[in-house]
Amino acid sequence: MSSKFVTRPDKLIFNNLVWDTVRKIPHGQVATYGQIAGLIQPPGGVKEQTYKAFGARWVGSAMASCPEDVPWHRVINAQGKISLRSTSGAGIQRELLESEGVNFDERGRINLKQYQWDGIESKPPNEKR
DNA sequence: TCCTTGACTCAGA
DNA sequence: CTCTGAGCCAAGG
């Protein structure tokens, strides 16, 4: 068995990078998909525009199968809201974040200005809004 | 092989 | 501030 164990190493690497980055998120802080996408490096052969448009989505896609070691609940969308396909888990995410000290708005929104992970090392040019 | 969905983001009203 | 529409490319059924 050593022929088809890894069909897409790049994708696995990308997912691994995502999980690793998410694991890097400190306690009591949150990060957005686009932020993570900007922190990690895109797989080779991908266009910048493609990564910009789908980087965040790939992160979420990778999260669809995130291990329990990954604090996926600390990952939210750029709107500062919980983004989940199913309501199941979203409630859990809210509780988990609240348990970490993250306050939610009445609409279930988080104050990114206060909780967004400022551990940006690559410092993406995303400082608007 | 074709079609549909997709843990998103930005811009405009 | 909130809501809606359009865009981008890939993976799964």
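A brief report on the enclosed structure follows.

What counts as what
- Every chain's residues receive numbers from 1 upward, in the order its sequence appears when written.
- Numbering of ligands from 1 and lettering of chains from A proceed in the order in which they are written.
- pLDDT decides what is reported in this predicted model: residues at 70 or higher carry local features, side-chain atom pairs at 80 or more are listed and counted, and totals for whole chains, interfaces and linings draw on all residues regardless.
- Values reported for side chains reflect all heavy atoms of the structure, with hydrogen atoms and water molecules removed beforehand.
- Only protein atoms enter the 1 Å grid used here, on which a cavity is any set of points holding a 1.4 Å probe that cannot leave and a pocket is any open set flanked by protein within 12 Å on both sides along at least five of seven lines; residues with an atom within 4 Å of a point are listed as lining.
- Grid points are joined across faces, edges and corners, and a volume is the space filled by probe spheres set on the points.
- In the scheme used here, Gly and all other residues not listed as nonpolar or charged are polar, with Ala, Val, Leu, Ile, Met, Phe, Trp, Tyr, Cys and Pro taken as nonpolar and Asp, Glu, Lys and Arg as charged.
- The near set for a molecule or strand comprises every residue that places at least one heavy atom within 4 Å of it.
- Under this definition, polar contacts are N or O atom pairs within 3.5 Å; protein pairs additionally need one hydrogen-donor-capable and one acceptor-capable atom, and for neighbouring residues in sequence, both atoms have to be side-chain atoms.
- Any carboxyl oxygen of Asp or Glu within 4 Å of a side-chain nitrogen of Lys or Arg constitutes a salt bridge here.
- Think of it this way: any DSSP run of H or I at least four residues long counts as a helix, any run of E at least two long counts as a strand, and we number them from the N terminus.
- Buried means the residue's accessible area, taken with a 1.4 Å probe over protein chains only, is under 20% of the maximum for its type, while exposed means over 50%, and partly exposed covers the values in between.
- The definition of a nonpolar core used throughout is a set of buried Ala, Val, Leu, Ile, Met, Phe, Trp, Tyr and Cys residues joined through side-chain atoms within 4.5 Å.
- The criterion used for residue contact is that any of the two residues' heavy atoms lie within 4.5 Å.
- The aromatic pairing rule takes the rings of Phe, Tyr and Trp, using the six-membered ring of Trp, and pairs them if the centres are within 6.5 Å, calling planes under 30 degrees apart stacked, those over 60 edge-to-face and the rest tilted.
- Criterion for a charge above a ring: Lys NZ or Arg CZ within 6 Å of the ring centre, and within 35 degrees of the ring normal.

1. Quick word on the layout of surface pockets
Here the second largest pocket is characterised by a volume of approximately 360 Å³. Here the residues of the lining of the second largest pocket are counted per class, giving 7 nonpolar, 4 polar and 1 charged.

2. Examining the protein's contact with DNA strand C
Residues in close proximity to DNA strand C include Lys 11, Thr 50, Ala 53, Phe 54, Arg 57, Trp 58, Arg 107 and Arg 109, which together make up its full environment. At a separation of 3.1 Å, a base nitrogen of DNA strand C approaches a polar side-chain atom of Arg 57. Arg 109 places a polar side-chain atom, nitrogen or oxygen, 2.4 Å from a phosphate oxygen of DNA strand C. Looking at the surface near DNA strand C, its residues break down into 3 nonpolar, 1 polar and 4 charged.

3. Things to note about the protein's contact with DNA strand B
The environment of DNA strand B is made up of 16 residues, and the closest members are Arg 57, Gly 60, Met 63, Leu 84 and Arg 85. For DNA strand B, the fraction of atoms within 4 Å of the protein that belong to sugar or phosphate moieties is 49%. In this structure, a base nitrogen belonging to DNA strand B sits 3.1 Å away from a main-chain N or O atom of Met 63. At 2.8 Å from a phosphate oxygen of DNA strand B is found a main-chain nitrogen or oxygen belonging to Ala 78.

4. Observations concerning the pattern of salt bridges
Close approach of charged atoms allows side chains of opposite charge to pair. Applying the stated rule across the entire model yields 2 salt bridges. In this structure, Arg 74 engages Glu 100 in a salt bridge whose closest nitrogen and oxygen atoms are separated by 2.8 Å. Of this pair, Arg 74 sits in the loop between helix H3 (48–63) and strand E2 (75–76) while Glu 100 sits in helix H4 (residues 87–100), and the two are 26 residues apart along the sequence. Exposure remark for Arg 74: the relative accessible area of 12% places this residue in the buried category. The exposure class assigned to Glu 100 is buried, which follows from its relative accessible area of 14%. For the salt bridge of Asp 105 with Arg 109, the shortest nitrogen-to-oxygen distance reads 3.9 Å. Among the residues examined, Arg 109 registers a relative accessible area of 31% and is labelled partly exposed.

5. Side note on the nonpolar core
Counting 18 residues, the largest nonpolar core has Val 18, Val 22, Ile 36, Val 59, Met 63 and Val 75 as its most contacted members. The set of elements that each furnish at least two residues to this core consists of helix H1 (9–23), helix H2 (33–39) and H3. Setting aside its immediate chain neighbours within four residues, Val 22 contacts Ile 36, Met 63, Val 70, Pro 71, Trp 72 and Val 75. Among the nonpolar cores identified, the runner-up in size contains 8 residues, and Leu 97, Phe 104, Leu 112 and Tyr 115 belong to it.

6. Digging into the packing of aromatic side chains
Evaluation of the coordinates by the stated rule reveals 4 aromatic pairs. Summarising the aromatic geometry, the rings of Phe 14 and Tyr 51 are spaced 6.1 Å apart at their centres and angled 90° between planes, so their arrangement reads as edge-to-face. Note that Phe 14 is positioned in helix H1 and Tyr 51 in helix H3, a separation of 37 residues in sequence. The interplanar angle of 90° and the centroid separation of 5.7 Å between the aromatic rings of Phe 14 and Trp 58 together place this pair among those described as edge-to-face. On the criterion of sequence distance, the pair formed by Phe 14 in helix H1 and Trp 58 in helix H3 is long-range, its members being 44 residues apart. Residue classification places Trp 58 among the partly exposed residues on the basis of a relative accessible area of 27%. Members of the aromatic cluster, each reached through a chain of ring pairs, are Phe 14, Tyr 51, Phe 54 and Trp 58. Across the ring face of Phe 54, the terminal group of Arg 57 is positioned such that the distance to the ring centre comes to 4.6 Å.

Geometric descriptors of this kind do not, in isolation, establish any biological role.
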